[in-house]
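Descriptive structure summary
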Amino acid sequence: MIETLSSTQQQLITTELAAQLVERALAAGATDTEAILYEGDEFEALVRKGGVERLKDSGSRAAGLRVFVGARTASTSTSDLTTSGLERLVHGAIDLARVTSEDPFAGLPDAACFGKLTGDLRVYSEDVAELPAADRIEFARRADAACFAADPRITNSRGGSYDSGFGHKILANSRGFIGEYRRSICSISASPIAQSADGQMQRDYWYSSARSAAALESPESVGAEAARRTLRRLDARSVPTQKVPVVFSPEVARSIVGHIFEAANGSLIYHQSSFFAGKLGERVASPELTIIDDGTLVGGFGTSPFDGEGLPTRRTVIVERGVLKSYLLNTYMARKLNMQSTGNASRGITGAPGIGAGNLFLESASPLPPAFILADIKNGFYVTELIGQGVNMVTGDYSRGASGLWIENGELTYPVEGVTIAGNLREMFQNITAAGDDMIFRSSVASPTLRIDGMTIAGA
């Protein structure tokens, strides 16, 4: 966390201050420059068995500067927003740039590319900041209490929590762009622990998140769902090694969609570190599926009026009916690949922009109710949790620990744990044979239930 100085020492972040930083950098010798100002507040309350175990209320304010001296570039940042602190920021960046190597692809986007979405994108709500601290703590307490009220087998808890945050970001550069926006977010979660008659213990969790406190699900419903998910894991067992259909619940199917984003990331494409390299225009997934990255969705968790370089966010179809249509690019990687940015530049206060998603999601040409997806599966595995990071984006090899529920004759039966699911993403994307009609955005990445045939379950 960036420590802030007193308000008498610090300057407030404004578009005027950002413009002044740009002017100072140019006067100090930069040929091009970009300034970022950010301020934000975070709150966290964790309540366990009625007692407050953790309480955090913090704020930060910082400035970042990226300068170009010809084809040389450097970035610096500071939390000291006094006049002298900003002077040190400017001269430190210039001094660093002069000793770095030249990079012919570095530089700001062309002036004609800049822009921002207009209108209310509904990514900021005042009620997140206005909710009294006592009410936030009470939300956490109620979520935790609902877990224990659900069933006597809920014997312990990792706590109920309420988290919130809001931020204000300003971006300005020497090519005429200046923009700002505010974001807010809040969430309620609960993580109970259940114990069976023979002493076996299991845990799970559930949560609700929203841009507005008024849009959150009730703490009682969050706690009850967390308890239900925990209780269904009791008396889990392993299963024999076999090849069966695997159905990913929406909360874990998001990771499959995330792997498609990784595979289409321009940085991996340029470095030949993705199995999507050279595949534009080719079929890479089931013809039923379309994968979209959309930073323009009103109220979305990944929505913003402009990206990390000042380009307007947009809707990009990555995969359309199974065919790879676009990579995801910032300006730097677009130049290296002789392509155009897709408005996916992502950056913090310091450093060069990376590549990030807006609102990433999967659409099916023929969505089905989840019960229909399970109906014709004689034996299969319904995955509710993935463990580990066994994914190789170069080869597509996929192997992760998993737990969930066994499917018999179209029904969810007993809980399963201690198994590994394995396959290859190239084949897995092609073998997605069904997608549900149950997609809900709980973060910036969303997916419905997904069924993938032919995966290997390594168990007992």
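Residues numbered from 1 in each chain as written. Predicted model: local features only at pLDDT ≥ 70, side-chain atom pairs only at ≥ 80, totals over all residues. Heavy atoms only, no water.

This next bit is on the packing of helix α4 (residues 133-150) against helix α5 (residues 219-231). Where α4 meets α5, the axes come as close as 7 Å, and the angle between the chain directions of the two elements is 40°. Classified by the angle their axes make, α4 and α5 are oblique. Note that α4 runs across α5; the crossing there is right-handed. Residue-level contacts link Phe139, Arg142, Ala143, Ala146, Cys147 and Ala150 of α4 to Pro219, Glu220, Gly223, Ala224, Ala226 and Ala227 of α5. (Axes fitted to C-alpha atoms, helices over the stretch in contact; angles between N-to-C directions. Helix = DSSP H or I, 4+ residues; strand = E, 2+ residues; numbered from the N terminus. Parallel < 35°, antiparallel > 145°, perpendicular 65-115°, else oblique. Left-handed = near helix turned anticlockwise from the far one by under 90°. Contact = heavy atoms within 4.5 Å.)

Moving on, we get to the pairing of strand β15 (residues 379-387). Of all nine residues in β15, seven are buried, a share of seventy percent or more. Relative to strand β16 (residues 397-408), β15 runs antiparallel, the two being bridged by eight bridges. Bridge assignment links Tyr382 to a residue of β16, and that residue is Leu405. (Buried < 20%, exposed > 50% of the residue type's maximum accessible area, 1.4 Å probe, protein only. Pairing = 2+ DSSP bridges.)

With the rule as written, the count across this model stands at twelve aromatic pairs. Geometry around Phe43 places Arg136 over its ring, the cationic atom sitting 4.7 Å from the centre. A cation over an aromatic ring shows up here: Arg229 above the ring of Trp206, its NZ or CZ 3.9 Å from the ring centre. (Phe/Tyr/Trp six-rings, centres within 6.5 Å; stacked < 30°, edge-to-face > 60°. Lys NZ or Arg CZ within 6 Å of the ring centre and 35° of its normal.)

Checked against the element boundaries, Thr303 lands in the loop between β9 (289-294) and β10 (315-320). When its relative accessible area of 0% is taken as the criterion, Thr303 is described as buried. Polar contacts involving the side chain of Thr303 include one to the main-chain carbonyl oxygen of Leu297, which spans 2.4 Å. Excluding residues within four positions of it along the chain, Thr303 makes contact with Leu121, Val123, Arg183, Arg211, Gly295, Thr296, Leu297 and Asn359. (Polar contact = N/O pair within 3.5 Å; in protein donor to acceptor, adjacent residues only side chain to side chain.)

Looking now at the sheet that holds strand β11 (residues 323-324). The five strands lie next to each other as β11-β10-β9-β14-β19, forming an open sheet whose pairing is mixed. The open sheet terminates on both sides in strands that have one partner only, identified here as β11 and β19 (445-446). Bridging between β9 and β10 involves four bridges; their strand directions are antiparallel. Bridging across to β10, Asp293 finds its partner in Thr316. Sitting on the sheet, helix α6 (residues 250-263) touches β9, β10, β14 (360-364) and β19, and the angle it makes with β14 is about 105°.

Two side chains bearing opposite charge may form a pair once their charged atoms approach each other closely. Applying the stated criterion to the full structure yields 24 salt bridges. The partner of Arg451 in a salt bridge is Asp376, and the shortest N-O contact between them spans 2.7 Å. With Arg451 in strand β20 (residues 450-458) and Asp376 in the loop between α9 (370-375) and β15, this residue pair connects regions lying 75 residues apart in the sequence. A residue is classified by how much of its surface remains accessible, and Arg451, at 11% relative accessible area, is buried. A single salt-bridge network, built from bridges that share partners, covers Arg203, Asp204, Arg233 and Glu385. (Salt bridge = Lys/Arg side-chain N within 4 Å of Asp/Glu carboxyl O.)

So, on to unusual backbone geometry. Even without glycine at this site, Gln272 takes up a positive phi of about 55°. Structurally, Gln272 can be placed in the loop between α7 (266-270) and β9. Residue Arg321 is not a glycine yet carries a positive backbone phi of 50°. Here Arg321 is to be found in the loop between β10 and β11.

Counting along an α-helix, one turn takes 3.6 residues, and residues three or four places apart therefore face a common direction. Here α4 contains 18 residues, and its C-alpha end-to-end distance of 26 Å stays within 8% of the 26 Å for a straight helix at 1.5 Å per residue. Taken together, the buried positions of α4 are occupied by Arg136, Ile137, Phe139, Ala140, Ala143, Asp144, Ala146 and Cys147. Here the buried face of α4 lies against β1 (32-48), β2 (51-69), α3 (127-130), β4 (154-173), β5 (178-195) and α5. (Expected span 1.5 Å × (residues − 1).)

With that settled, consider the nonpolar core. In this structure, Phe248, Phe276, Ile318, Phe381, Val383, Tyr398 and Ile421 are the most contacted members of the largest nonpolar core, which totals 52 residues. When residues of this core are assigned to their parent elements, the largest contribution, seven residues, is made by α6. Counting residues in hydrophobic clusters, the runner-up holds 25 residues, among them Val47, Ala190, Ala213 and Ala227. (Core = buried A, V, L, I, M, F, W, Y, C linked by side-chain atoms within 4.5 Å.)

Function cannot be read off these values alone, since they describe shape.
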